[in-house]
Amino acid sequence: MQQKEFEETVEEVKTIKAITPKEIKKIVRPQFEANPELFYPTKVFDKFGFSRCKCPKCGAYFWRHTDKKTTCGDSNCEGKYSFIGVGTGKGAKGNKITYADAWNGFKKSLTSARVPCTAIDRYPVVARWRNDVDYVAAGIYCFQPFCVTGEMDPPANPLICPQFCVRFNDLDNIGLTGRHYSGFIMLGIQTFNYPDKYVFFKEECVEFNYRWLTEELEINPDDITFIEDVWAGGGNLGPSVEYFVNGLEVGNMVFMQYKYFHDGSYEELPIKIIDTGIGLERIPWLVNGSPTSYFDVFAGAFAFLAQKLQVEYSNDVWKAFGPYSCLLNVDEVENVDKTWEFISSQIGYDVQTIKKEIEQLKDMYIILDHTRTVMMVVTDGSLPSNVGGGSNIRNIIRRVFAVLKKNNWWDKLGMDGLLQLFQEHKNDLAKLYGPFGEYKSFDQIIKQEYERWAKTDDDKKVKLEKLLKQKNNQLSIDDWIFAMSTHGIPADTISQISKLPIPGNLYAELADRAARITKAPEAILYNTVHLPETTNLYYQTPKDGKFQAKIVTIFSNVQQQNLPNIVILNQSAFYPFGGGQDFDQGWLTIQGERYYVNNVQKVGKVVLHILEKPLQNAVDTYVGQEVLAEIDLERRTILRNHHTATHIVFAACRRVLGPHVWQNGAHKSVHNAHLDITHFAPLSKEQEQAIENEVNKIILSAKQINKGFMNKADAEKEYGFRLYQGGIVPGNELRVVNIDGIDVEACCGTHCDSTSEVGWVRILKTQKLQDGVVRLYYVAGVKTIEVLNSEGEMINSLVKLWSISKNQLVEEGSKIFQEKKHYESAYNQLKAELIKSQLKYVIDGPNQRTVIQSTEPNPTAYFSEIGKYIQQLKDAKKGLLFVADTFIYGAFGENNFNVEELSKQIEEEGQQLKVNKQNKISVKDGKKTIQVNDVLTFSILGKFNKNKATKYLKEQGFAQF
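As a starting point, this report considers the structure included with it. (Residues numbered from 1 in each chain as written. Predicted model: local features only at pLDDT ≥ 70, side-chain atom pairs only at ≥ 80, totals over all residues. Heavy atoms only, no water.)

## Overview of the layout of surface pockets
Then step 1. Reported here for the second largest pocket is a volume of approximately 1,300 Å³.
Then step 2. Lining the second largest pocket are 37 residues, with D121, R122, P124, G720 and F721 positioned closest to its centre.
Then step 3. Only α5 (99-111), β4 (118-119), α15 (410-433) and α23 (712-719) provide two or more residues apiece to the lining of the second largest pocket.
Then step 4. When its residues are assigned to classes, the lining of the second largest pocket shows 20 nonpolar, five polar and twelve charged. (1 Å grid on protein atoms, 1.4 Å probe; cavity = no way out; pocket = protein on both sides within 12 Å on 5 of 7 lines; lining within 4 Å. Points joined across faces, edges and corners; volume = space filled by probe spheres on them. Helix = DSSP H or I, 4+ residues; strand = E, 2+ residues; numbered from the N terminus. Nonpolar A, V, L, I, M, F, W, Y, C, P; charged D, E, K, R; others polar.)

## Digging into helix α22 (residues 685-700)
Then step 1. Here α22 is 16 residues long and its end C-alpha atoms lie 22 Å apart, about the 22 Å a rise of 1.5 Å per residue gives.
Then step 2. When α22 is considered as a whole, its buried residues turn out to be E688, I691, E692, E694, V695, N696, I698 and I699.
Then step 3. Once α22 finishes, A702 follows within two positions and takes phi at roughly 55°, a positive value. (Expected span 1.5 Å × (residues − 1). Buried < 20%, exposed > 50% of the residue type's maximum accessible area, 1.4 Å probe, protein only.)

## Points about the packing of helix α27 (residues 899-906) against helix α28 (residues 946-955)
Then step 1. Running from amino to carboxyl end, α27 crosses α28 at an angle of 135°, the nearest separation of the two axes being 9 Å. Taken together, α27 and α28 sit at an angle that is classed as oblique. The handedness of the crossing between α27 and α28 comes out as right-handed. In this structure, α27 contributes E901, L902, Q905 and I906 to the contact, and α28 contributes K948, A949, Y952 and L953.
Then step 2. When grouped by side-chain class, the residues that make up the contact of α27 with α28 number five nonpolar, one polar and two charged. (Axes fitted to C-alpha atoms, helices over the stretch in contact; angles between N-to-C directions. Parallel < 35°, antiparallel > 145°, perpendicular 65-115°, else oblique. Left-handed = near helix turned anticlockwise from the far one by under 90°. Contact = heavy atoms within 4.5 Å.)

## With respect to the sheet that holds strand β17 (residues 593-603)
Hydrogen bonds between backbone groups are what pair the strands of a sheet, and the pairing can be parallel or antiparallel.
Then step 1. A barrel is described by the order of its strands in space; here six strands give the closed sequence β13-β14-β18-β17-β16-β19, paired in antiparallel fashion. When strand polarity is set aside, the average angle formed by the axes of neighbouring strands in this sheet is 45°.
Then step 2. Sheet topology note: the β17/strand β18 (residues 606-611) ladder contains six bridges and is antiparallel. Looking across to β18, one finds that V600 is bridged to H609. (Pairing = 2+ DSSP bridges.)

## Here we look at the pattern of salt bridges
Then step 1. Using the criterion set out here, one finds 42 salt bridges in the structure.
Then step 2. A salt bridge links E449 to R394, with the shortest nitrogen-to-oxygen separation between them at 2.7 Å. Of the two residues, E449 sits in helix α16 (residues 442-454) while R394 sits in helix α14 (residues 390-406), which places them 55 residues apart along the sequence. The burial state of E449 is the same as that of R394; both residues are buried.
Then step 3. Here E716 ties to K712 by a salt bridge, and the two come within 2.8 Å at their closest N and O atoms. Of this pair, E716 and K712 both sit in helix α23, four residues apart, which is roughly one turn of that helix. For the pair E716 and K712, one class covers both residues: buried.
Then step 4. One salt-bridge network, held together by shared partners, links R394, R398, E449, R452, K768 and D771. (Salt bridge = Lys/Arg side-chain N within 4 Å of Asp/Glu carboxyl O.)

Right, here's the structure in full:
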């Protein structure tokens with residue numbers, strides 16, 4: 001059987017330059033400030049006794065309850081946190097709260113509000129329902145884009161949620177400012193106001209937040225300020241109100257009113273949305289008055305790590321430093337040295353003492369923060385890698401390794417201790433989220449990351465050293481980002497090799513640059529919004545080969561010179577391309593003539609049938625005509641088997657490899673199918689065999705495959721987010737494919753009724769597609785028979801060729817290959833001796849320049865030998881060329897030969913030769929490496945005119961060997 005060429009590349013995603021949230025906020029801010037009554041909830045502020053004024057320090061407009069509050073309340077304007085050491089509200093009265101208490105109090109207040117909110121469980125932090133982001137960075141991410149556009153109902157309305165989020169732009173501040181995290185819990189209040197259903201908006205939102213602060217947390221209104229601001233993110237925009245208590249930002253109420261575009265334009269949203277975000281980590285800190293929020297957040301994990309590392313620190317210094325830690329935000333401080341000096345003058349400790357006392361605790365907080373984030377992201381289904389969001393996870397886990405190494409903590413903690421630290425995080429978070437399930441591959445993922453980090457890749461080290469040499473050992477922020485993104489070198493490794501400190505704004509700059517790139521909108525070639533939805537028949541009668549329909553309209557094909565060959569029917573059983581599955585093919589009989597349908601696509605809700613040849617008559621004569629349609633059932637069966645097999649292969653991968661396996665892409669064609677999975681290493685042959693065996697056991701079990709539509713909220717509640725292996729589609733219904741006890745996914749493809757119909761699956765090959773992604777190629781059903789027949793023919797041919805039985809194949813093949821290796825080794829030794837003889841002849845002979853004809857397929861054989869004789873060629877001032885059919889390789893003791901001219905003389909028209917040359921060679925001299933300079937070695941690769949080469953070299957005085 002001839003297999004179609006495997007697809008080896010990943011489809012390139014087109015991107016365009018986009019305006020950043022920061023830039024769009026700058027554009028609209030003046031309009032919002034000039035019209036507060038239009039954009040901000042001024043009535044509720046008046047109701048609770050707040051008045052509007054302008055901050056004399058930052059210029060922001062804010063609302064205060066007392067004239068004694070002279071600034072907006074932001075710590076940069078206040079100068080410090082005033083709650084540390086004394087607490088706030090009920091905490092100042094001696095009633096301290098835990099991390100879990102803070103959530104429970106919030107839930108109690110909001111679920112009993114005048115318009116009660118429903119508390120929902122968190123979403124996974126890996127945002128598989130979105131194609132524009134990797135991770136959830138704010139609570140609203142869980143409901144974008146479709147709940148925001150009204151194409152899908154939210155799970156409750158209004159709702160609150162303790163959503164775990166991750167952001168990687170504040171890594172430089174973690175452990176120092178007391179409030180920054182890479183992973184944090186955002187208490188969200190989300191409300192969706194539809195044109196025909198008002199829930200609540202700005203005025204009520206402020207009221208409910210205010211009552212939570214003053215009634216549940218018992219905070220004095222005089223300690224609260226509300227600051228007018230603008231929010232933008234995820235393509236949405238609107239006024240926002242931040243609220244502060246004693247210098248600490250507690251929350252931000254965002255009122256989404258607009259959608260903005262990559263060019264900076266924006267339009268009003270038909271659905272008005274509230275997105276309130278409150279950092280849960282800040283609430284116990286604010287109430288209890290602890291020196292830093294990390295004390296309250298990492299309770300059990302901190303106690304475990306402190307006991308293992310036995311770090312000594314001064315509580316007195318931390319208590320004194322804590323109120324001023326807010327001034328050390330890397331994004332905002334202009335002169336960090338002056339800031340340290342100011343803090344020193346305020347608390348009575350010199351700068352060195354402060355830094356010394358807080359350094360190790362700061363490093364502990366970095367470890368605690370980063371390990372918790374890694375735990376959450378990995379257990380939710382992402383892997384560390386060099387690409388995409390996984391690169392952030394790799395950065396922070398490697399930062400943990402580097403911090404442990406820097407402080408000589410590895411001996412105290414060890415890998416077992418590090419793995420236990422992840423468990424301590426689970427124990428802490430179980431008080432909010434409930435127990436975490438077993439994740440059998442987690443330890444292996446962490447151990448492999450450590451091994452990769454411990455063994456710095458030699459190739460990457462060489463690339464970095466080359467860059468350092470070019471830049472005179474001084475790297476700009478662009479150089480750091482280039483080395484990280486292009487060469488995949490972590491920041492701590494760059495710092496370790498270069499001896500340069502990691503730039504303070506590195507991670508913030510990485511995040512900002514990522515925000516400037518967005519996926520280009522998909523090109524829509526045909527407008528179908530005015531057409532009725534095509535009635536779908538392929539779910540109703542999947543095994544029927546014929547149906548009748550009427551022509552709705554004919555489109556001209558813009559990709560085929562506007563030929564009229566696109567037919568839209570009122571109903572269709574043709575499956576259009578979708579979900580990675582190729583389209584059906586077949587025939588349409590129109591006005592008595594049979595047309596082949598060679599492509600089927602869906603645009604909006606309309607199915608386009610693309611014919612192999614254009615219709616012959618005027619387009620108008622076809623509209624309303626009856627057609628007879630026939631499906632190529634052989635093709636459909638193959639595609640159906642491959643699609644069903646994909647579900648089974650995925651389930652088998654999870655069983656064999658672990659729960660970290662998620663689908664990263666798939667394609668099902670009539671030739672073969674492939675599935676891309678998240679996995680941290682290439683698959684071994686043993687793993688391939690184990691997966692194939694598991695697949696075929698599932699097939700033989702003849703499990704029922706149930707297919708049907710479910711309410712989205714009900715499906716998510718019953719099956720969770722594992723439904724979304726292939727992304728999510730708008731709408732409140734999902735088509736759920738449930739292979740009983742094996743796999744459940746939201747999927748719109750064609751599937752068998754039982755696993756037994758798949759027949760048999762054969763894995764053809766696997767390959768590492770990119771870091772953290774592995775691709776499996778396989779066939780199913782009749783295609784498996786073809787592959788097995790082909791393999792059988794190969795075996796039978798070998799048995800006949802070698803005159804042996806089948807059970808002797810391995811032994812005989814092994815013997816032949818061993819002999820082959822032996823003869824190859826002997827041949828290579830003889831070849832090396834021949835090259836040595838040729839070189840000695842040139843060096844000792846009468847000619848200055850010599851041409852040697854070569855029969856080698858490539859110049860590799862000459863590389864190692866030339867180095868041994870390059871100094872002798874230099875001393876003799878001689879040169880030689882090896883000329884083969886597809887290359888020329890040269891070595892000269894002097895750099896006096898025009899390689900470019902030779903390439904120009906021999907190049908064929910329409911061909912481009914590849915030229916590589918260098919003027920120095922490093923050679924081994926015993927244990928030392930010596931560099932020979934001012935010489936020339938080069939290679940010219942490609943198709944060239946050998947006769948022209950011979951003639952030109954003869955004219956240049958070269959002698960033939």
